[in-house]
Amino acid sequence: MLELLLFAVPAGLVILGALIVIFAKNPVHNSMGLVLTLASLAIIYITLNATFVAMVQMLVYAGAVMTLFLFVIMMIGVDKPEQTREEIKGQTLLVSGTLFILIGLVSYVVVNSGFNWDLYFPAVEYSLEGTPDLIAASLFTEWVLPFEIISILLIVATAAAIALAYDTKVRKPK
Amino acid sequence: MIEVSTDWYLTLAAILFSIGFLGMMIRRNALIMFMCIELMLNSVNLTFITASKHFGTIEGQISVFFVLVVAAAEVVVGLAIIVSIFKKQSSASVDLLRTSRG
């Protein structure tokens, strides 16, 4: 019962937050919905034995990335109404309809295919706790080359952000 | 007694991805579209962690770190682009972006 509750409550909050993200009008409300989704996902990660990933999710996503989003929202103003004129007539309805038909079709095919998933991809009996030492032991040995490459990506992204947002006019001496 | 199985988590990830994709399609504000990209990336992260638990390997959780870093880099560059667009046309709507039209 507890297991079911620990899945159902965060799952409901994840979906609620996601709906707030796409339907709220005020950008600050959108970002708060995203925080709700990310925090609830962290709870789900803990129930899936990924404790370290849950911590990183809270720190990096709900902390750093959302702060960055809020900075930009405050910078470019929250009082501007979104332009809602449809370039193609009925495009919102068209997209939602197509998406739901597609999802329904895929779900129907998957459920009725009769493919025995458990036979080909059996679940393991033991459970693996995602502790920092276990992750580090794999990350710094087997995955050390991708780890180093990703640091280059971060430096390039930082340099690109500075180059893009740098305003030469402001820096001119008077 | 209902047991929470792997399918439930994968279904949640699919729903989250669909909501993110829907938002990406129906919203015009570039900031909101970035948030929808975050939703989709997070649904993929949930899939990775579910697979990590299902197969009893740690590689799924390591992939999540790489996705996390790519998402952070993407947000930094994307928000810088939005700020510089906003300086030019004082709006974050993607419908007004016609400068790269052929």
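Residues numbered from 1 in each chain as written. Chains lettered and ligands numbered in written order. Predicted model: local features only at pLDDT ≥ 70, side-chain atom pairs only at ≥ 80, totals over all residues.

**Observations regarding the interface of chain B and chain A**
Quite often, the size of an interface is put as the accessible area lost when its parts meet.
At step 1: In this assembly, 56 residues from chain B lie in contact with 60 residues from chain A.
At step 2: Elements with a minimum of two residues in the side of chain B that touches chain A: α1 (6–26), α2 (30–55) and α3 (59–89) of chain B.
At step 3: Of all the elements, α3 of chain B adds the most residues to the side of chain B that touches chain A, at 18 residues.
At step 4: Residue composition of the side of chain B that touches chain A, grouped by class: 37 nonpolar, 14 polar and five charged. (Contact = placed C-beta atoms within 7 Å. Helix = DSSP H or I, 4+ residues; strand = E, 2+ residues; numbered from the N terminus. Nonpolar A, V, L, I, M, F, W, Y, C, P; charged D, E, K, R; others polar.)

**A few points about helix α2 (residues 27–47) of chain A**
Note that an α-helix has 3.6 residues per turn; residues three or four places apart therefore point the same way.
At step 1: Taking 1.5 Å as the rise per residue, α2 of chain A with 21 residues should run 30 Å; its terminal C-alpha atoms sit 31 Å apart, in good agreement.
At step 2: Restricting attention to buried positions, one finds in α2 of chain A the residues Pro27, Asn30, Ser31, Gly33, Leu34, Thr37, Leu38, Ser40, Leu41, Ala42, Ile44 and Tyr45 of chain A.
At step 3: Packing partners of the buried residues in α2 of chain A comprise α1 (2–23) and α3 (51–76) of chain A together with α2 of chain B.
At step 4: Following α2 of chain A by one or two positions, asparagine 49 of chain A has its phi on the positive side, about 65°. (Expected span 1.5 Å × (residues − 1). Buried ≥ 20, exposed ≤ 12 C-beta atoms within 10 Å, placed from the backbone.)

**Structural notes on the packing of α1 of chain A against α1 of chain B**
At step 1: Between α1 of chain A and α1 of chain B, whose axes approach to 9 Å, the crossing angle comes to 10°. Our classification of the angle between α1 of chain A and α1 of chain B gives roughly parallel. Contacts from Phe7, Ala11, Val14, Ile15, Ala18, Leu19, Val21 and Ile22 of chain A of α1 of chain A reach α1 of chain B at Trp8, Leu12, Ile15, Leu16, Ile19, Gly20, Leu22 and Gly23 of chain B.
At step 2: Its residues assigned to classes, the contact of α1 of chain A with α1 of chain B comprises 14 nonpolar, two polar and no charged. (Axes fitted to C-alpha atoms, helices over the stretch in contact; angles between N-to-C directions. Parallel < 35°, antiparallel > 145°, perpendicular 65-115°, else oblique.)

**Points about the packing of helix α7 (residues 144–165) of chain A against α3 of chain B**
At step 1: The interhelical angle for the contact between α7 of chain A and α3 of chain B, taken along N-to-C directions, is 10°, at an axis separation of 9 Å. Of the possible angle classes, the one that applies to α7 of chain A and α3 of chain B is roughly parallel. Where α7 of chain A approaches α3 of chain B, its residues Pro146, Ile150, Leu153, Leu154, Ala157, Thr158, Ala160, Ala161, Leu164 and Ala165 of chain A are matched on the opposing element by Phe66, Val69, Ala73, Val76, Val77, Ala80, Ile81, Val83 and Ser84 of chain B.
At step 2: Broken down by class, the residue content of the contact of α7 of chain A with α3 of chain B amounts to 17 nonpolar, two polar and no charged.

**Things to note about the domain arrangement of chain A**
At step 1: Here chain A is partitioned into domain 1 (1–78) and domain 2 (131–168).
At step 2: Placing the centre of domain 1 of chain A and that of domain 2 of chain A at their C-alpha centroids yields a distance of 23 Å. (Domains from an automatic or database assignment.)

**Re the nonpolar core**
At step 1: Core analysis: the largest hydrophobic core is formed by 59 residues, its most contacted members being Tyr45 of chain A together with Leu16, Leu31, Met35, Leu46 and Ile49 of chain B.
At step 2: Of all the secondary-structure elements, those providing two or more residues to this core are α1, α2, α3 and α7 of chain A together with α1, α2 and α3 of chain B.
At step 3: When residues of this core are assigned to their parent elements, the largest contribution, 12 residues, is made by α2 of chain B.
At step 4: In this structure, this core is formed jointly by two domains, domain 1 (1–78) and domain 2 (131–168) of chain A, each of which donates at least three residues.
At step 5: Ignoring anything within four residues of it in the chain, the contact list for leucine 31 of chain B reads Pro27, Val72 and Ile73 of chain A together with Ile82 and Ala92 of chain B. (Core = buried A, V, L, I, M, F, W, Y, C linked by C-beta atoms within 7 Å.)

**Let's talk about the confidence of the model for chain A**
At step 1: Across chain A, the average pLDDT comes to 86, with 90% of residues at 70 or higher.
At step 2: Here helix α5 (residues 117–120) of chain A stands out as the least confident element of chain A, with mean pLDDT 76; α2 of chain A is the most confident, with 93. (pLDDT = per-residue confidence, 0-100.)

**Structural notes on unusual backbone geometry**
Note: most residues except glycine have negative phi, and most peptide bonds are trans.
At step 1: A positive phi is found at asparagine 49 of chain A, a non-glycine position, where the angle reads about 65°.
At step 2: Looking at where asparagine 49 of chain A falls in the secondary structure, it is placed in the loop between α2 and α3.

**Brief notes about the confidence of the model for chain B**
At step 1: For chain B, per-residue confidence averages 86 on the pLDDT scale, and 93% of positions sit at 70 or higher.
At step 2: Scored by ipTM, the complex comes to 0.89, with pTM at 0.88.

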